Structures are given as structure tokens and as C-alpha cells.
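Letter by letter, the chains look like this.
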Amino acid sequence: MEANAAKRKEPRKSLRIKVISMGNAEVGKSCIIKRYCEKRFVPKYLATIGIDYGVTKVQIRDREIKVNIFDMAGHPFFYEVRNEFYKDTQGVILVYDVGQKDSFDALDGWLAEMKQELGPHGNMENVVFVVCANKIDCTKHRSVDESEGRLWAESRGFLYFETSAQTGEGINEMFQTFYSAIIDLCDNGGKRPPSSVAVGFTKEQADAIRRIRNSKDSWDMLGVKPGATRDEVNKAYRKLAVLLHPDKCVAPGSEDAFKAVVNARTALLKNIK
Ligand code: GTP
Ligand code: MG
């Protein structure tokens, strides 16, 4: 009994983890890390050359974790330097600048680069990803809204945070949640626990919202050919309405997508005899 009680009081073993940052040049990867580790912000752009490496100790819940952070250079020029650092990673901080649509569109490319470097036996399923929609202090220039970013992240089972390395908004919260999820992963034998990927909406819903957002006209939005009949329009509409109805769909951006679909149907039916 006594031995058991003593055992229970023993602090849990400290964890050692590896974390990397990914995303286009100048999106703020180094500044996010600096804001968290050094509590400061550097307005001048100092491009990371290849890789910056740092070790930090953090206390999350009752655990002490030693974090090895590999802060990667986003510039394509440094591909040869960073490609060997993708392996044996438990967590990825994936950053884009909310004022630079290109940096958001590049996120898929970053995942592809990591996948390629991990090779056929690498497993990205068991890595915790956190997406940082950074520079939210620059409200005037925002070109990727929250629902679009959140949908991209959450439909992949990734965490999503709105951050500003300049003001510090979202940074502590992001790191705490990120590290906490990595601890859960380690405690689960290195596998992402099912709870962290349950997002409450389906891939079909996420894909439909993305397609609606990117559609070029009302026909395209409903997924029918120009010149389709009333029946075809109504059928396509009903399918999307069931999929995206606000009572049924909690995916980010579903309400706007649902409204857009209603408007597209109304507009098309006006002109079809
Ligand atoms: P590479 O190392 O080249 O891949 O870039 P990086 O992603 O590490 O970018 P870095 O952190 O160096 O920041 C790039 C520029 O954006 C710098 O001038 C920063 O001061 C600025 N910056 C970073 N985060 C923010 C932010 O949240 N808000 C604003 N306004 N500027 C930011
Ligand atoms: Mg950098």
C-alpha cells in the first residue's frame, strides 16, 4: 500500500519532443516562436537561414517537457537544408499570413514536401499539427478569413489558432493546446488519440463548402451544367441543402455556404422556364 502511494506521488517522467515550424517565408514562424520563448517581438525581418534550433523546457499540466524546436526557413532556396529535419517529429507548427492568400494556398505544398521527405513508411497521421493564421493584427489587409482557415485545418484533424506574434494574441493558448495534444499523443503510444481528430463534420461537407467558395458562377456552385433544367437545379440544390443545413452542419463557413446555395438556386430558377 505504502509503496503504491509513494509511486503515485512520484513526478511523471519528463518528455522530450521534437517540433518543427513550416510555412512560406516571412509568414512569421520565427516571430511566433520568439514571442512564446522570449516574450518579445522583432519588427525587422531577419530571414532564417536554413534552420534555427533551440531547446526549451515547459510545464504542461503535471508534466515537464523538453522541446527541441527546429524553426525552418520558408524560402524554397533552403529546401536542401531543411529536408532532412522532417523525420521523428511529434508536432508541426504550420503557419500562414492571413494577409497573403498565397501563403495559405501553399499549405498543401508544405504537407506534400513533408510527406515526400518522410518517404513511403513515414506516418503523418501520428503527428500533431497546429495551423497558425498569423498577423491577425493587420486587419486591413486580411485576405483569408477565419472560417476558410479553420475549415482547411479542422477538416484534416489539425488544431487551428488565430495568432499575432506582434501583439501576442493567441500565442500562449496555441502552444499550451499544441503541447497538451503532443503529451496525449505520447501517452497514447505515439498515436494520435481519436478524440483529437473528431471534428463534428464530414469530409464531404468540408469539400462542398470549399467547392462553393471557389465556384465561378451559380451553375458551378450547384454543380450542374449551364443550361440545366429546373429539375436538375432543384435536385442539386436539395442535395447540398441537406448536406449543409445549419441545423445539421457545424463545419466552419457552412452557414454562408448554405445561404450562397439558396441564392444560386433562386437566381437560376428565375431564368429557367
Ligand atoms: P523565414 O525565416 O524567411 O521563413 O520567415 P518567417 O516565417 O520566420 O518570418 P519572421 O518570423 O521572420 O517574420 C517575417 C516578418 O513578419 C518580420 O518582419 C516580422 O516582424 C513580421 N511579423 C511576424 N509576425 C507578425 C505578426 O503577427 N504581425 C505583424 N504585423 N508582423 C509580423
Ligand atoms: Mg524564420
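Everything below is about the structure shown above.
Since the structure is predicted, the reported quantities are computational estimates derived from the model, not experimental observations. (Residues numbered from 1 in each chain as written. Chains lettered and ligands numbered in written order. Predicted model: local features only at pLDDT ≥ 70, side-chain atom pairs only at ≥ 80, totals over all residues. Heavy atoms only, no water.)

## Some remarks on helix H10 (residues 230-244)
Counted at 1.5 Å a residue, the expected span for H10 with its 15 residues is 21 Å, and the 21 Å between its end C-alpha atoms agrees. Within the sequence span of H10, burial applies to Val-233, Asn-234, Ala-236, Tyr-237, Leu-240, Ala-241, Leu-243 and Leu-244. Buried residues belonging to H10 abut helix H8 (203-213), helix H9 (218-222) and helix H11 (254-270). (Helix = DSSP H or I, 4+ residues; strand = E, 2+ residues; numbered from the N terminus. Expected span 1.5 Å × (residues − 1). Buried < 20%, exposed > 50% of the residue type's maximum accessible area, 1.4 Å probe, protein only. Contact = heavy atoms within 4.5 Å.)

## Let's talk about unusual backbone geometry
Unusually for a residue other than glycine, Arg-61 sits at a positive phi of about 50°. Residues other than glycine seldom take positive phi values, yet Lys-135 does so here, at roughly 70°. Within the fold, Lys-135 resides in the loop between strand S5 (128-134) and helix H6 (146-154). Classification of Lys-135 by relative accessible area gives partly exposed; the value is 25%.

## Regarding the sheet that holds strand S6 (residues 159-162)
The strands making up a sheet associate through backbone hydrogen bonding, with each pair oriented either parallel or antiparallel. A sheet is described by the order of its strands in space; here six strands give the open sequence S2-S3-S1-S4-S5-S6, paired in mixed fashion. Only two strands of the sheet have a single partner each, and these edge strands are strand S2 (51-60) and S6. Between one strand and the next, the sheet's axes are offset by a mean angle of 25°, whatever the strand orientation. Of the strand pairs in this sheet, strand S4 (residues 91-97) and S5 are connected by seven bridges, and their pairing is parallel. Note on S5: the bridge partner recorded for Val-92 is Phe-129. Against the sheet, H6 engages S4, S5 and S6, with an angle of about 155° to S6. This element, helix H7 (residues 171-187), spans strand S1 (15-22), S2, strand S3 (63-72), S4, S5 and S6 of the sheet and lies at about 130° to S1. (Pairing = 2+ DSSP bridges. Axes fitted to C-alpha atoms, helices over the stretch in contact; angles between N-to-C directions.)

## Concerning the pattern of salt bridges
Evaluated as defined, the whole model comprises 14 salt bridges. A salt bridge links Arg-40 to Glu-38, with the shortest nitrogen-to-oxygen separation between them at 2.7 Å. Residue classification places Glu-38 among the partly exposed positions, given a relative accessible area of 42%. Among the ionic pairs, Asp-207 bridges to Lys-203, the shortest N-O distance being 2.8 Å. Taken together, the residues span about one helical turn, with Asp-207 and Lys-203 both in helix H8 at a distance of four residues. Its relative accessible area of 59% is what places Lys-203 among the exposed residues. (Salt bridge = Lys/Arg side-chain N within 4 Å of Asp/Glu carboxyl O.)

## With respect to helix H5 (residues 107-118)
Taking 1.5 Å of rise per residue, the twelve residues of H5 would be expected to cover 16 Å, and the 17 Å separating its terminal C-alpha atoms lies within 8% of that figure. Gly-119 sits one or two positions beyond H5 and adopts a positive phi of about 80°.

## Observations regarding the side chain of Thr-163
In this fold, Thr-163 is placed in the loop between S6 and H7. When its relative accessible area of 0% is taken as the criterion, Thr-163 is described as buried. At a separation of 3.0 Å, a polar atom in the side chain of Thr-163 contacts the side chain of Asn-134. (Polar contact = N/O pair within 3.5 Å; in protein donor to acceptor, adjacent residues only side chain to side chain.)

## Describing the coordination of the magnesium ion (ligand 2)
Protein ligation of the magnesium ion (ligand 2) involves Ser-30 (OG) and Thr-48 (OG1), the donor distances falling in the range 2.0 to 2.1 Å. With Ser-30 in helix H2 (residues 29-38) and Thr-48 in the loop between H2 and S2, this residue pair connects regions lying 18 residues apart in the sequence. The exposure class of Thr-48 is buried, given its relative accessible area of 11%. (Donors = N, O, S within 2.8 Å, 3.2 Å for Na, K, Ca; no water.)

## Quick notes on the packing of aromatic side chains
Applying the stated criterion across every chain, the model contains eleven aromatic pairs. On the basis of an interplanar angle of 85° and a centroid distance of 5.1 Å, the ring pair of Phe-77 and Phe-78 is categorised as edge-to-face. You can call Phe-78 buried: its relative accessible area is 12%. Measuring from centroid to centroid gives 5.6 Å for Phe-175 and Tyr-179, while their planes differ by 45°, and the two rings are tilted. Taken together, the residues span about one helical turn, with Phe-175 and Tyr-179 both in helix H7 at a distance of four residues. Classification of Phe-175 by relative accessible area gives buried; the value is 0%. (Phe/Tyr/Trp six-rings, centres within 6.5 Å; stacked < 30°, edge-to-face > 60°.)

## Looking at the site of ligand 1
Close contacts around ligand 1 come from 25 residues, with Lys-29, Val-42, Tyr-45, Gly-74 and Ala-165 the closest. The contact in question runs from an oxygen atom of ligand 1 to an N or O atom on the backbone of Gly-74, over 2.7 Å. Bound to the protein, ligand 1 loses 94% of the 650 Å² it would expose on its own. Considering each element in turn, the shell around ligand 1 owes the most residues, three residues, to H2. Here the residues of the shell around ligand 1 sort into twelve nonpolar, eight polar and five charged. (Near = heavy atom within 4 Å. Areas by Shrake-Rupley, 256 points an atom, 1.4 Å probe, with all protein chains shown as cover. Nonpolar A, V, L, I, M, F, W, Y, C, P; charged D, E, K, R; others polar.)

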